[in-house]
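Descriptive analysis of the structure
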Amino acid sequence: MPSPAAYSDFGPMRLNEPLSNWTTMRIGGPAEMFFEPHKPEHLADLLTALEKDGVPWTLIGGGANTVAPDGGIPGAVIHTGNMRRLFRDGNGLRLWPGVTLPTLVRSAQGLGLSGVEKLVGVPGHVGGALAMNAGSVEWGIWDQVEEIVLWSPGPANEEDGLKFRTWSPKEIQPAYRHGNLGGRVVLETLLTLEESTPLAVKATQDEFLKRKNQSQPVKLTSAGCAFKNPNGDSAGRLIDSAGLKGHCIGGVAVSDIHANFLVNQGGASAADVRQMLDIIEQTVLEKSGVSLERELVVLPEPL
Ligand code: EPU
């Protein structure tokens, strides 16, 4: 592997950075090289350089919905936190991948633009939200995407020799909680929003936030919903009716407030989370015959 100094042109980099500082679940050992590029161009160049050098890389976005391994991650880990610019573009917003969802929600509200109210109270960054199509059950952030610029692994484009281009949602075909990016990386996106008023947008946001505060453990350390909802049912309801609310393994507990949230009660490890996910899957399958699908991204332990 080239010396870390070979990557000094791509923004700040730290060695052996504890990932527990960078994930909402507060779990994870050290990243061998931890990058926070300042611009999407730097992110694209960094990915191209790492690919050329055969250095494994892991993108953690804003660290939400992700459980980092206890043994850390070899190679490069990229956090999107420094790429935070947001531009108005007609009735839409053009976003860099590190814009936080709270910033997106607040900016849209201030400009009186409607369309992303359902992301109120959701942590994470725009890039990660697109990768997993974050949202509610019947709506995802991709519903607002007009276009998206993606870096792609593999050969450069034939026409211009670049490794990124603009895609339409039709080409990508995202689904419920599945951005369908297939290894591509978000550099920028344009969301279409609807002209409204700051007051009207705030009223809708307040309504969603109230419901969220009542039904989810928003103040506790978690990574959002652990499982996707199966067709026509709720993973939270199934885990709850399997009697698992409050069940603890090590430092991880199934939330008493909403059973689809795993809470880090202090000192939880990735091993605790893995074990808990297995137990939930087995118990729900036994009790209700449903195979739950994971929404939480549990990164593998190093070999
Ligand atoms: N329920 C229970 N017990 C529980 C949790 C829920 O019986 O412990 C029942 C509720 O009473 C309700 C039903 O299950 O009748 C559905 O629950 P809720 O309204 O809380 O919504 P959800 O389907 O569990 C989904 C998304 C959330 C999103 C909310 C609100 C998924 C997996 N979850 O939750 O998304 O915030 O709707 O829009 O799609 C996330 O993906 O990380 C997430 C939090």
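Residues numbered from 1 in each chain as written. Predicted model: local features only at pLDDT ≥ 70, side-chain atom pairs only at ≥ 80, totals over all residues. Heavy atoms only, no water.

Attention shifts here to the sheet that holds strand β13 (residues 222–225). Taken in spatial order, the four strands of this open sheet run β13-β16-β15-β14, and their pairing is antiparallel. With partners counted over all chains shown, the strands left at the sheet margins are β13 and β14 (248–249), one partner each. In this sheet, strand β16 (residues 261–264) lies alongside β13 in antiparallel orientation, the contact comprising two bridges. In the strand pairing of β16, serine 222 is matched with valine 263. The strands touched by helix α7 (residues 270–288) are β14, β15 (252–254) and β16; relative to β15, the strand with the most contacts, the crossing angle is about 25°. (Pairing = 2+ DSSP bridges. Helix = DSSP H or I, 4+ residues; strand = E, 2+ residues; numbered from the N terminus. Contact = heavy atoms within 4.5 Å. Axes fitted to C-alpha atoms, helices over the stretch in contact; angles between N-to-C directions.)

Tyr176, Cys225, Asn229, Asp240 and Glu295 are the nearest of the 21 residues found near the ligand. Serine 234 is positioned such that a nitrogen or oxygen atom in its side chain is 3.2 Å from an oxygen atom of the ligand. For the ligand, an oxygen atom lies 2.9 Å from a polar atom in the side chain of histidine 258. For the ligand, whose unbound accessible area comes to 830 Å², protein coverage reaches 68%. Of all elements in the fold, only β13 and α6 (235–241) reach the threshold of two or more residues within the shell around the ligand. Broken down by element, the shell around the ligand gets its largest block of residues, three residues, from α6. Looking at the shell around the ligand, its residues break down into six nonpolar, nine polar and six charged. When we break the shell around the ligand down by domain, the ones giving at least three residues each are domain 2 (86–199) and domain 3 (219–298). (Near = heavy atom within 4 Å. Polar contact = N/O pair within 3.5 Å; in protein donor to acceptor, adjacent residues only side chain to side chain. Areas by Shrake-Rupley, 256 points an atom, 1.4 Å probe, with all protein chains shown as cover. Nonpolar A, V, L, I, M, F, W, Y, C, P; charged D, E, K, R; others polar. Domains from an automatic or database assignment.)

A separate point is the sheet that holds strand β3 (residues 57–61). Pairing in this open sheet of four strands is mixed, and the strands run β1-β2-β5-β3 from one edge to the other. Two strands in the sheet have a free side with no partner beyond their single neighbour: β1 (13–18) and β3. Neighbour-to-neighbour, the strand axes of the sheet open up by a mean angle of 35°, direction not taken into account. Packed on one face of the sheet, helix α1 (residues 40–53) meets β2 (30–35), β3 and β5 (73–79) and runs near 165° to β5.

Before going further, it helps to examine the domain arrangement of the protein chain. For interface size, the figure often reported is the accessible area lost on association. Domains assigned within the protein chain are domain 1 (4–78), domain 2 (86–199) and domain 3 (219–298). Each of domain 2 and domain 3 has a C-alpha centre, and these two points are 28 Å apart.

Let's shift gears to the packing of aromatic side chains. Following the criterion strictly, the structure yields five aromatic pairs and no others. Their ring planes at 35° and their centres at 6.5 Å tell us that tyrosine 7 and phenylalanine 10 sit as a pair that is tilted. We classify phenylalanine 10 as buried; its relative accessible area is 12%. On the basis of an interplanar angle of 85° and a centroid distance of 6.1 Å, the ring pair of tyrosine 7 and phenylalanine 35 is categorised as edge-to-face. Linking tyrosine 7 in the segment before β1 with phenylalanine 35 in strand β2, this pair joins segments that are 28 residues apart in sequence. (Phe/Tyr/Trp six-rings, centres within 6.5 Å; stacked < 30°, edge-to-face > 60°. Buried < 20%, exposed > 50% of the residue type's maximum accessible area, 1.4 Å probe, protein only.)

What follows covers the pattern of salt bridges. Taken as a whole and assessed by the stated rule, the structure comprises 16 salt bridges. Each member of the salt-bridge network shares a partner with another, and the members are Asp89, Arg94, Glu147 and Glu188. (Salt bridge = Lys/Arg side-chain N within 4 Å of Asp/Glu carboxyl O.)

As a further point, take α7. Here α7 spans 27 Å end to end across 19 residues, near enough to the 27 Å set by a 1.5 Å rise per residue. The complete set of buried residues in α7 reads Ala270, Asp272, Val273, Met276, Leu277, Ile280, Thr283 and Val284. The buried residues of α7 occupy an angular sector of 155° when projected down its axis, which confines them to one face. For α7, the elements touching its buried residues are β4 (66–67), α6, β14, β15, β16 and β17 (297–298). Immediately beyond the C-terminal end of α7, within one or two residues, lies glycine 289, with a positive phi of roughly 75°. (Expected span 1.5 Å × (residues − 1). Arc of directions from axis to C-beta.)

Here we take up the side chain of histidine 125. Relative to the helices and strands, histidine 125 is located in the loop between β8 (113–114) and α3 (126–132). Separated by 2.7 Å, the side chains of histidine 125 and threonine 80 make a polar contact. The residues contacting histidine 125, other than those within four sequence positions of it, are Gly61, Gly62, His79, Thr80, Gly81, Pro97, Gly98, Val99, Thr100 and Leu101.

End to end, α1 covers 20 Å across 14 residues, agreeing with the expected 20 Å (1.5 Å per residue, within 8%). Those residues of α1 lying buried are Pro40, Leu43, Ala44, Leu46, Leu47, Ala49 and Leu50. Just downstream of α1, glycine 54 is the residue with a positive phi angle, here 70°.

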